[in-house]
Amino acid sequence: WQFGVTLPLWAPQINGDVTVRGRQANVDISFDKLKDHLDASFSMALEVRKGDFGVYGDVGYMKFSLGGGNVSGDLKFVIADAGLSYVLVKTGEEHPFILAGTAGVRYWYADTTIRVNLPNRGAFSGGQTYDLVDPVIGLRASQYLTQKFHLDFAGDIGGFDINNDTDFTWSAMGVASYDFAKWFTLSAGYKALALDESKGSGDNKHGFNLIFNGVLVLAQFNFL
């Protein structure tokens, strides 16, 4: 058995649109703006492998706050993946190419809270919680250019309109990696993660079509 623990550092921006009560608003938030409101962030990925078979899971958590004037609020966001992988192709000895298939689920959770304090009218607060579970299928590939330097790619699609009226998710990642030791690999590249979800129609339509994308750095620790 082989065990891997990955600590990712991701700096995403957010692009897309949000629909509330049938009205659509564009979203274009750079990472510089996001980090000004970031209170907490944590992410970790785990993988267990034996031969061609593997089990993986990862989770990411972010908490943002908004304050100013008479209005303040919080946004808590969780994205988690879990599934199975299997090596489909492995060729070459000195510079191997490895292709694996993946199948699993992706979980989205968002908790929004808004607090309003109006002079002479008192204070009130409200919020909403969203959670979504999507099946996903994908591929992972690694091409070794030397014994220690390799290019790694991963992508998946899911949702397939199982939840709500529309529901589609995808992700894509590409990194360059270097194995400093058998137990440690450092990678750097780019990652994009998207969700297109909506329910209802007309004035009752709610949903969002968002893409999180940005620079990614990974520190992976391997144990035998």
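Structure's up top.
Just so it is clear, the structure is predicted and the values come from calculations on it, not from any experiment.

*Asks:* Help me understand the overall build of the chain, please; the structure alone is not making it clear to me.
*Replies:* For the chain, the count of helices and strands is one helix and eleven strands. Considering only residue pairs separated by 6 or more positions, the chain has 58% of its internal contacts joining residues 24 or more positions apart. Element-wise, carbon and sulfur atoms account for 60% of the exposed surface of the chain, whose accessible area totals about 13400 Å².

*Asks:* Would you explain the pairing of strand β11 (residues 206-223) in this entry?
*Replies:* As a general feature of sheets, a regular strand has side chains that alternate between the two faces. Pairing geometry for strand β10 (residues 184-199) and β11, over 16 bridges, is antiparallel. When the sheet's bridge partners are listed, Ala194 is paired in β11 with Ile211. Taking the residues that link successive antiparallel strands as the turn, the β10-β11 hairpin has six residues, and the phi of Gly200 there is positive, at about 85°.

*Asks:* Sorry, what's going on with the packing of aromatic side chains here?
*Replies:* Each aromatic ring pair is summarised here by two numbers: the centre-to-centre distance and the angle between the ring planes. This model, assessed by the stated rule, comprises seven aromatic pairs. Pairing Trp183 with Phe221 gives two aromatic rings, centres 6.4 Å apart and planes at 20°, and the pair type is stacked. In this pair, Trp183 sits in the loop between β9 (166-181) and β10 while Phe221 sits in strand β11, placing the two residues 38 residues apart along the sequence. Connected via pairs of aromatic rings, a cluster forms that spans Tyr178, Phe180, Trp183, Phe184 and Phe221. The ring of Tyr56 carries Arg140 above its face, with NZ or CZ at 4.6 Å from the centroid. Here Lys191 stacks its cationic end above the ring of Trp10, 4.8 Å away from the centre of that ring.

*Asks:* How do you make sense of a nonpolar patch on the surface when you look at a structure like this?
*Replies:* Together, Leu9, Tyr178, Phe180, Leu186, Tyr190, Val215 and Val217 line one region of the surface with nonpolar side chains, adding up to about 650 Å² of accessible area. Elements with a minimum of two residues in the nonpolar patch: β9, β10 and β11. For Tyr190, a relative accessible area of 41% gives the class partly exposed.

*Asks:* Whenever I open this one, unusual backbone geometry confuses me. Can you help?
*Replies:* Glycine aside, residues mostly have negative phi, and peptide bonds are mostly found in the trans state. Although it is not a glycine, Phe160 adopts a positive phi angle of roughly 55°. By the element assignment, Phe160 lies in the loop between β8 (149-158) and β9.

*Asks:* In this structure, what is going on with the side chain of Asp81? I would like to understand it.
*Replies:* For Asp81, the location among the structural elements is in strand β5 (residues 71-91). A residue is classified by how much of its surface remains accessible, and Asp81, at 13% relative accessible area, is buried. Within polar-contact distance, the side chain of Asp81 engages the side chain of Arg106 at 2.8 Å.

*Asks:* Which parts of the structure should I look at to understand the nonpolar core?
*Replies:* A general feature of soluble globular proteins is that nonpolar side chains tend to end up buried together. Among the nonpolar cores identified, the biggest contains 14 residues, and Ile14, Phe77, Ile79, Trp108, Leu210 and Phe212 are the most heavily contacted of them. Those elements giving two or more residues to this core turn out to be β4 (53-68), β5, β6 (97-118), β10 and β11. Setting aside chain neighbours within four positions, we find Ile79 in contact with Asp58, Val59, Gly60, Arg106, Tyr107, Trp108 and Leu193.

*Asks:* Help me understand the pattern of salt bridges, please; the structure alone is not making it clear to me.
*Replies:* Once their charged atoms are close, side chains differing in charge can pair, the charge on each being opposite to the other. Tallied over the full model, the rule gives six salt bridges. A salt bridge links Asp36 to Lys35; the nearest nitrogen and oxygen atoms lie 4.0 Å apart. By relative accessible area, Lys35 is classed as partly exposed at 42%. Arg140 is the partner of Glu47 in a salt bridge, and the nearest nitrogen-oxygen pair spans 3.2 Å. Here the residue Glu47 occupies a position in strand β3 (residues 38-50), and Arg140 occupies one in strand β7 (residues 122-144), the gap between them amounting to 93 residues. Take Glu47: its relative accessible area is 18%, and that puts it in the buried class. Taken together, the shared-partner salt bridges in this structure form one network comprising Glu47, Arg49 and Arg140.

*Asks:* What exactly am I supposed to notice about the environment of Phe208 here?
*Replies:* Mapping Phe208 onto the fold places it in strand β11. For Phe208, a relative accessible area of 22% corresponds to the partly exposed category. Phe208 sits twelve residues away from Asp196 along the chain, and the two C-alpha atoms are 5.9 Å apart. Setting aside residues up to four positions removed in sequence, Phe208 forms contacts with Asp17, Val18, Leu195, Asp196 and Glu197.

The rules behind each value
Residues numbered from 1 in each chain as written. Predicted model: local features only at pLDDT ≥ 70, side-chain atom pairs only at ≥ 80, totals over all residues. Heavy atoms only, no water. Helix = DSSP H or I, 4+ residues; strand = E, 2+ residues; numbered from the N terminus. Contact = heavy atoms within 4.5 Å. Areas by Shrake-Rupley, 256 points an atom, 1.4 Å probe, with all protein chains shown as cover. Pairing = 2+ DSSP bridges. Phe/Tyr/Trp six-rings, centres within 6.5 Å; stacked < 30°, edge-to-face > 60°. Lys NZ or Arg CZ within 6 Å of the ring centre and 35° of its normal. Patch = residues over 30% accessible without salt bridge, like charges linked within 9 Å, V, L, I, M, F, W, Y side chains within 5 Å. Salt bridge = Lys/Arg side-chain N within 4 Å of Asp/Glu carboxyl O. Buried < 20%, exposed > 50% of the residue type's maximum accessible area, 1.4 Å probe, protein only. Polar contact = N/O pair within 3.5 Å; in protein donor to acceptor, adjacent residues only side chain to side chain. Core = buried A, V, L, I, M, F, W, Y, C linked by side-chain atoms within 4.5 Å.

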